[in-house]
Amino acid sequence: MKPARRQRLILIILMVAGITSAVGFALKSFNDNLMYFFSTSDVVAGKAPKDSLFRLGGMVVKGSVERPDKDIKVRFKLTDYSQEVTVEYSGILPDLFREGQGIVANGKLDGRGVFVAEEVLAKHDENYMPPEVKASLKGPKQN
Amino acid sequence: MFLIPDSIGRWFHRMASPPHFYALTEQLLPWLTALFWLFLLPGLYGGLVLAPPDYQQGDSYRIIYIHVPSAWMSLFVYVLMAVSGAIGLVWRIKLAEIVCISSAPVGASFTFIALVTGSLWGKPMWGTWWVWDARLTSELILLFLYLGVIGLYSAIDDKRAAAKAVAILALVGVVNIPIIHYSVEWWNTLHQGPTVTKLDKPSIHISMLVPLLLMAAAFKLYYLIALLQRARLELLQRERNAQWVKTLLKDN
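Here the structure is a predicted model, which is why all the values come from computation and not from measurement. (Residues numbered from 1 in each chain as written. Chains lettered and ligands numbered in written order. Predicted model: local features only at pLDDT ≥ 70, side-chain atom pairs only at ≥ 80, totals over all residues. Heavy atoms only, no water.)

Novice: Teacher, can you tell me more about the interface of chain A and chain B here?
Specialist: Size of an interface, as often reported, equals the accessible area lost when the parts are brought together. Across the contact, 38 residues belong to chain A and 49 residues belong to chain B. In this assembly, chain A packs against chain B so that about 4000 Å² is buried in total across both faces, 65% of it on carbon and sulfur atoms. Where chain A meets chain B, there are 17 residue pairs in polar contact (both at pLDDT 80 or more). Of all the secondary structure elements, the ones that give two or more residues to the side of chain A that touches chain B are helix 1 (3-29), strand 6 (115-123) and helix 3 (131-138) of chain A. Ranked by residue count, the leading element in the side of chain A that touches chain B is helix 1 of chain A, at 12 residues. Tallied by class, residues from the side of chain A that touches chain B come to 24 nonpolar, 5 polar and 9 charged. (Contact = heavy atoms within 4.5 Å. Buried area = accessible area lost by both parts, 1.4 Å probe. Polar contact = N/O pair within 3.5 Å; in protein donor to acceptor, adjacent residues only side chain to side chain. Helix = DSSP H or I, 4+ residues; strand = E, 2+ residues; numbered from the N terminus. Nonpolar A, V, L, I, M, F, W, Y, C, P; charged D, E, K, R; others polar.)

Structure below.
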């Protein structure tokens, strides 16, 4: 390779490496701001904001969904498999909302430590399979 | 020798001769088009008819057969654009510059399709058209990078200087590619994790995976066809004063 070309190639490699490390450091320092939602453990540990809106994500605990006043208001527990947080929501739930499903709720904590949601989004998982396969999976292995 | 073996270098230089490229691609294009249909039609039929509905999302998951291949292509085309831009910068090969700039509109279209189909999919499944999570935002930045490349190229009149500027912009944006791919692993996002592009076994049933891979192959071929057509046009424009173009025009 001719020296001029080699020099240009090295220059390009250095440029890309420099930008990558710069962006890498920037992303690392903004790491918390890039999180789309807080986990339930964060909320229990008091890391979530107290008086402002934030998003809370987790799995809906099986058997925890109830409608206390027999109307549109629904109450359920969210978990990240270590801590649980109770969520209340009045409104229409997305189609994919069900027990054992991941969701992201936007809202704030009230005085009782209950998360009052203004919006609930369903977070679907990366698994795709026909219903029959899902049914046969359910038998031996509960998850 | 430094980094690149001699034989590959020679092959590049031969491929990079404009008349050779123009003649070769003319012969190649019908075959590529035939191959494209050969993958697209079974892919569409398999995805829309043969594949079973999903256990959670029913039939609406079928948008995956457009969304996922376009999202893959949006990343693939960008990497190819940046690499050919770098080759153009280092070796000053005119054809590499042309491949770089001809990739941009195709990549931008794939990115746009990925964003739109994702939005259409998000509304019924997540309950929202758009959220500012890391995956969606970084993919939107990718669209702006493509648009920046296209805009920069057309803003500079001297096309050799424009190609250099564009290559540098493309190389700067390369850092976004791993961010898009790993965004769903590094941060909490509403978008779910990868289904196919991971070291683990794909978490999609084989009957749904096969049409997806067929569609991915079809999209790759489509890109190749669109790229070659754009590149041929760009080449003719840039070489309009060259002898081989004059002879070509006289012969037709």
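What follows picks up the thread again.
Novice: Where do I start with unusual backbone geometry in this structure?
Specialist: Excluding glycine, a negative phi dihedral is what most residues carry, and trans is how most peptide bonds are arranged. All names here are of chain A. For Tyr-81, which is not a glycine, the phi torsion comes out positive at approximately 75°. Inspection of the secondary structure puts Tyr-81 in the loop between strand 3 (73-79) and strand 4 (84-90). Look at Tyr-81 and you get exposed, because its relative accessible area is 65%. (Buried < 20%, exposed > 50% of the residue type's maximum accessible area, 1.4 Å probe, protein only.)

Novice: Explain the packing of aromatic side chains here, please?
Specialist: The geometry of an aromatic ring pair comes down to the distance between the two centres and the angle between the two planes. One pass over the full model with this rule turns up 17 aromatic pairs over all chains. Ring centres of Phe54(A) and Phe115(A) lie 5.1 Å apart, and the angle between their planes is 65°; on these two criteria the pair is classed as edge-to-face. With Phe54(A) in strand 2 (residues 54-60) and Phe115(A) in strand 6, the pair connects residues that are 61 residues apart, well separated along the chain. A residue is classified by how much of its surface remains accessible, and Phe54(A), at 4% relative accessible area, is buried. According to the relative accessible area criterion, Phe115(A) is buried, its value standing at 0%. In textbook terms, an aromatic cluster arises when at least three aromatic residues are bridged by ring pairs, as seen for Phe36(B), Trp37(B), Phe110(B), Phe219(B) and Tyr222(B). Taking the ring centre of Tyr153(B) as reference, the NZ or CZ of Lys159(B) above it sits at 4.5 Å. Looking at Lys220(B), its charged tip hangs above the ring of Phe76(B), at a distance of 4.6 Å from the centre. (Phe/Tyr/Trp six-rings, centres within 6.5 Å; stacked < 30°, edge-to-face > 60°. Lys NZ or Arg CZ within 6 Å of the ring centre and 35° of its normal.)

Novice: Hey, could you run me through the pattern of salt bridges in this one?
Specialist: Pairing between side chains of opposite charge can happen when the charged atoms of each approach one another. Residues and elements named next belong to chain A. Following the criterion strictly, the structure yields 12 salt bridges over all chains and no others. Its salt-bridge partner being Lys-47, residue Asp-42 comes within 3.8 Å of it at the nearest N-O pair. For Lys-47, a relative accessible area of 60% corresponds to the exposed category. One network of salt bridges, in which partners are shared, links Glu-66, Lys-73, Arg-75, Glu-88, Asp-110 and Arg-112. (Salt bridge = Lys/Arg side-chain N within 4 Å of Asp/Glu carboxyl O.)

Novice: Help me understand the domain arrangement of chain A, please; the structure alone is not making it clear to me.
Specialist: The domain architecture assigned to chain A consists of domain 1 (3-32) and domain 2 (36-123). Taking only C-alpha atoms into account, the centre of domain 1 of chain A sits 41 Å from that of domain 2 of chain A. (Domains from an automatic or database assignment.)

Novice: Would you mind going over the pairing of strand 6 of chain A with me for this structure?
Specialist: In regular strands, side chains alternate between the two faces of the sheet. All names here are of chain A. Judged from the 3 bridges that link them, strand 4 and strand 6 form a sheet pairing that is parallel. Looking at the pairing, Val-87 lines up with Phe-115 of strand 6. Inspection of the sheet shows strand 5 (residues 102-109) paired to strand 6 by 8 bridges, in the antiparallel sense. Directly across from Val-104, in strand 6, lies its bridge partner Leu-121. Two successive antiparallel strands, strand 5 and strand 6, enclose a turn made up of 5 residues, where Gly-113 displays a positive phi of approximately 85°. (Pairing = 2+ DSSP bridges.)

Novice: How do you make sense of the side chain of Glu234(B) when you look at a structure like this?
Specialist: Residue and element names in this part refer to chain B. Its location among the elements puts Glu-234 in helix 8 (residues 206-238). Taking relative accessible area as the criterion, Glu-234 reaches 15% and is therefore assigned buried. Among all residues touching Glu-234, those that are not within four sequence positions of it are Ile-98, Ile-101, Ser-102 and Tyr-153.

Novice: How do you make sense of helix 2 (residues 18-50) of chain B when you look at a structure like this?
Specialist: For an α-helix, 3.6 residues make a turn, and residues three or four places apart therefore share a direction. All names here are of chain B. The end-to-end C-alpha distance of helix 2, which contains 33 residues, comes to 44 Å, matching closely the 48 Å that a straight helix rising 1.5 Å per residue would cover. Of all the bends in helix 2, the largest measures some 35° and sits at Leu-28, one to four residues before the proline Pro-30. Within helix 2, the full set of buried residues consists of Pro-18, Phe-21, Tyr-22, Thr-25, Leu-29, Leu-32, Phe-36, Leu-40, Gly-43, Gly-46 and Gly-47. Of the surrounding secondary structure, the elements contacted by the buried residues of helix 2 are helix 1 (6-15), helix 3 (64-91), helix 4 (94-125), helix 8 and helix 9 (243-251). (Expected span 1.5 Å × (residues − 1). Bend = angle between axes of the 7 residues up to and from the residue.)

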